[in-house]
Amino acid sequence: IGDEFLKMQFGLTEEELNNPEFNLLKYLGFTAEEIEKASEFICGTMMMEGAPHIKDEHLPVFDCANKCGKKGQRFIPYTAHIQIMAAAQPFISGAISKTINMPHEATIEDVANAYTMSWKLMLKANALYRDGSKLSQPLSALGQALFEDLDEAEEVVEELTSAAIQRKAEILARELMKKQTSKRHRLPARRKGYTQKVVIGGHKVYLRTGEYEDGSLGEVFLDMYKEGAAFRSLLNSFAIAISLGLQYGVPLEEFVDAFVFTKFEPNGMVVGHDRIKMVTSVMDYIFRELAITYLGRDDLAHTPAELETAPTDLTNINQPTQEIQDEPKETAAVDPKPMSTSTATATKLQSALMQEAKLKGYEGDPCPECGQLTLVRNGSCLKCDTCGSTTGCS
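Once a new chain begins, its residue numbering starts again from 1 and follows that chain's sequence as written. At least 70 in pLDDT is required for a residue's local features to be given in this predicted model, at least 80 for side-chain atom pairs to be given and counted, and no such filter applies to totals for whole chains, interfaces and linings, which use all residues. The side-chain values count all of the structure's non-hydrogen atoms but skip hydrogen atoms and water molecules.

Q: Is there a simple way to explain the overall build of the protein in this structure?
A: What counts as a helix is a DSSP run of H or I of at least four residues, what counts as a strand is a run of E of at least two, and both are numbered from the N terminus. Per the secondary structure count, the protein includes 13 helices and nine strands. When a residue's accessible area, from a 1.4 Å probe over protein chains only, is under 20% of the maximum for its type it is buried; when over 50% it is exposed; and in between it is partly exposed. A buried classification covers 26% of the 394 residues belonging to the protein. Here the analysis covers contacts within the protein between residues at least 6 apart in sequence; of these, 45% occur between residues at least 24 apart. Here the Shrake-Rupley method, with its probe set to 1.4 Å, supplies the accessible areas, and only the displayed protein chains count as covering residues. Carbon together with sulfur atoms contributes 57% to the accessible area of the protein, which is approximately 26,500 Å² in total. Throughout, a contact is declared for two residues whenever any of their heavy atoms are within 4.5 Å.

Here it is as structure tokens:
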């Protein structure tokens, strides 16, 4: 017809004509049913069913893997695909690369039956595909109807959820305003907490916590030896900033997500902690420890919690309690055997963790950066799923 004719006769603009979603027939007032009938008359129905001069007994010759067109009902059943492959399999040494097509209405039972039938007929491979499983497939028997249904479903979901989303947004906004305008929640003068000493890369690190009456974290103190006054002052100032943030309502989870896996010296092996064995920095250790203790983040630990309660002294396990109380000096003696037993227990637990990691698909070796047993093969190198570091490959 031409753009000029459409502009002059129908008053269409350049933007409307260049819009790929613009439908001229719909703009002229034709209904969807009328447009479909016109399309079938001009372009055809893409099927042999109902065609003139074609008898019903001739239709199987034209059957395809899937239904043809929007109105087609005939197709080759998946059992026929499997039977054809079974007839050729005895004459082929390898597996047959042929897709077993299933209609969009196929059920889980149909898939199970297809695999069972392939096994009974001794096929070496079964590549199933259900029509419409990928929106990017070049040819689909579902046609435009599938996308129209998806658009309608999206509109219904938007209408049903818009009110709920608005209410949730209002609630979150109020909570956010409360946190932003909240006053400082000071700790009591006499407070509980704990002190943890570890050695990271030859540097002693002391972590002391202060808790509220309900046991939640309210402050942290950090101290390191063998460091200059400037570094220790910065560390103390950092601890004060974290403490103020906690007392003003900043969730501990936010600090953990921000500082875990930060990397700088000193780092490496951790001595003196039951559950953290390797860190990438002092900050990494501090917030791993706080997350494990106050948030229950066992995923950041390197050893399970059961290792903490494992008995380290097995020499007096069969002795009566009264005898131990009567002879405190003898029971206090240090025996080298318990140390070897504890070491053996730790070795067994580490081996069990490595075996469990291998069963989950990992290599079983600890990551050199974070110590987690989540290394996977990445080409000729290894990549850690936890911290993202690699052993040399980009």
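Now that the structure has been shown, we can carry on.
Q: I'm lost on unusual backbone geometry in this one. Help?
A: What is expected of a backbone is that most residues other than glycine have negative phi and most peptide bonds are trans. With an omega dihedral of -5°, the bond running from Glu265 to Pro266 counts as a cis peptide bond. Within the secondary structure, Pro266 sits in the loop between helix 9 (252–259) and strand 6 (268–271). Located in the positive-phi region is Met122, a residue other than glycine, with phi close to 65°. Examined against the element boundaries, Met122 turns out to sit in the loop between helix 6 (108–120) and strand 2 (127–130). Given the relative accessible area of 67%, Met122 is considered exposed. Positive phi, close to 75°, is recorded for Phe261, a residue that is not glycine. Within the secondary structure, Phe261 sits in the loop between helix 9 and strand 6. Residue Phe261 is classed as partly exposed on the basis of its relative accessible area of 29%.

Q: Could you clarify how one ought to interpret the sheet that holds strand 5 (residues 217–224) in this entry?
A: Two strands in a sheet stick together by hydrogen bonds in their backbones, pointing the same way (parallel) or opposite ways (antiparallel). With respect to topology, five strands assemble into an open sheet ordered 5-4-3-6-7, the strand pairing being antiparallel. Each edge of the sheet is formed by a strand with only one pairing partner; in this case those strands are strand 5 and strand 7 (278–279). DSSP-based pairing: two strands are paired if at least 2 bridges between them are found. One ladder, built from two bridges, connects strand 6 with strand 7; its direction is antiparallel. Within strand 7, the residue paired with Gly268 across the bridge is Val279.

Q: What exactly am I supposed to notice about helix 5 (residues 78–88) here?
A: Along an α-helix, residues three or four apart share an orientation, since each turn contains 3.6 residues. Looking only at helix 5, the buried set comprises Tyr78, Ala80, His81, Ile82, Met85 and Ala86. On its buried face, helix 5 is in contact with strand 1 (99–102) and helix 6.

Q: Help me out: how do you make sense of helix 6 in this one?
A: Each helix should span, by expectation, one fewer than its residue count multiplied by 1.5 Å. Taking 1.5 Å of rise per residue, 13 residues should cover 18 Å, and helix 6 covers 18 Å from first to last C-alpha, within 8% of that figure. Taken from the residues just after helix 6, Met122 is the one with a positive phi, measuring 65°.

Q: So what exactly am I meant to see when it comes to the side chain of Thr209 here?
A: Secondary-structure assignment places Thr209 in strand 4 (residues 203–211). Thr209 sits in the buried class, given a relative accessible area of 5%. A polar atom in the side chain of Thr209 sits 3.0 Å from the side chain of Tyr294. When near neighbours in sequence (up to four residues on either side) are disregarded, Thr209 contacts Lys192, Gly193, Tyr194, Leu217, Glu219, Val220, Leu290 and Tyr294. For the purposes of these results, a polar contact is taken to be a pair of N or O atoms within 3.5 Å, where, inside protein, one atom must be able to donate a hydrogen and its partner to accept one; residues adjacent in sequence count only when each atom of the pair is a side-chain atom.

Q: Would you take a moment to explain the nonpolar core for this structure?
A: Most often, soluble globular proteins have nonpolar side chains that are buried together. Note on terminology: a nonpolar core comprises buried Ala, Val, Leu, Ile, Met, Phe, Trp, Tyr and Cys residues joined through side-chain atoms within 4.5 Å. Of all hydrophobic cores here, the largest spans 31 residues; its most connected members are Tyr285, Ile286, Phe287 and Leu290. Secondary structure elements with two or more residues in this core: strand 3 (195–200), strand 4, strand 5, helix 8 (229–247), helix 9 and helix 10 (282–294). When residues of this core are assigned to their parent elements, the largest contribution, nine residues, is made by helix 10. When neighbours within four sequence positions are excluded, Leu290 is seen to be in contact with Tyr194, Leu207, Thr209, Leu217, Val220, Leu252 and Leu295.

Q: Explanation requested: the environment of Lys67 in the structure shown.
A: Topologically, Lys67 is positioned in the loop between helix 4 (32–43) and helix 5. In this structure Lys67 comes out as partly exposed when scored by relative accessible area, which is 24%.

Q: Where do I start with the pairing of strand 6 in this structure?
A: Each regular strand displays side chains that alternate between the two surfaces of the sheet. Pairing of strand 3 with strand 6, which is carried by two bridges, proceeds in the antiparallel orientation. Across the sheet, Ile200 pairs through a bridge with Val270, a residue of strand 6.

Q: What am I meant to see in the packing of helix 8 against helix 9 here?
A: Pairs of packed helices are described in terms of their axes, by the angle between the two and the distance that separates them. What counts as an axis is a line fitted to C-alpha atoms, over the stretch in contact for a helix, and the angles between N-to-C directions run from 0 to 180 degrees. Contact pair helix 8 / helix 9: the axes reach a minimum separation of 10 Å and the direction vectors enclose 145°. Here helix 8 contributes Phe238, Ile242, Gly245 and Leu246 to the contact with helix 9, which in turn contributes Leu252, Phe255 and Phe259. In the scheme used here, Gly and all other residues not listed as nonpolar or charged are polar, with Ala, Val, Leu, Ile, Met, Phe, Trp, Tyr, Cys and Pro taken as nonpolar and Asp, Glu, Lys and Arg as charged. Residue composition of the contact of helix 8 with helix 9, by class: six nonpolar, one polar and no charged.

Q: Would you mind showing me how to read the packing of helix 9 against helix 10 here?
A: With their axes 9 Å apart at the nearest point, helix 9 and helix 10 run at an angle of 145° to one another. Here helix 9 runs over helix 10; the crossing is left-handed. Between helix 9, through Leu252, Phe255, Val256 and Phe259, and helix 10, the contact on the second element is made entirely by Met283, Asp284, Phe287, Leu290, Ala291 and Tyr294. Classifying every residue of the contact of helix 9 with helix 10 gives nine nonpolar, no polar and one charged. For any helix crossing, the convention is left-handed if the near helix is rotated counterclockwise from the far helix by under a right angle, and right-handed if that rotation is clockwise.

Q: How should the environment of Tyr294 be read in this particular structure?
A: Inspection of the secondary structure puts Tyr294 in helix 10. Residues Tyr294 and Leu252 lie 42 residues apart in sequence; the distance between their C-alpha atoms is 8.6 Å. Not counting the four nearest positions on each side in its chain, Tyr294 is found in contact with Tyr194, Thr209, Glu211, Gly215, Leu217 and Leu252.

Q: Honestly, a nonpolar patch on the surface in this entry has me stumped. Any pointers?
A: Residues enter a patch when their relative accessible area is above 30% and they make no salt bridge; the linking distance is 9 Å between like charges and 5 Å between nonpolar side chains (Val, Leu, Ile, Met, Phe, Trp, Tyr). Should a side-chain nitrogen of Lys or Arg be within 4 Å of a carboxyl oxygen of Asp or Glu, the pair is scored as a salt bridge. The grouping of Phe5, Phe10, Leu25, Tyr27, Leu28 and Phe30 at the surface amounts to a nonpolar patch, some 510 Å² of accessible area in total. In this fold, Leu28 is placed in the loop between helix 3 (24–27) and helix 4.

Q: What exactly am I supposed to notice about the state of the cysteines here?
A: By definition, a disulfide is the covalent link that joins the sulfur atoms of two cysteine residues. Note on terminology: pairs of cysteine sulfur atoms within 2.5 Å are recorded as disulfides. Throughout the structure, instances matching the rule amount to zero disulfides. Lacking any disulfide linkage, Cys68 is separated from the closest cysteine sulfur, that of Cys64, by 3.7 Å. Judged by its relative accessible area of 21%, Cys68 is partly exposed.

Distances and angles like these do not, on their own, reveal function.
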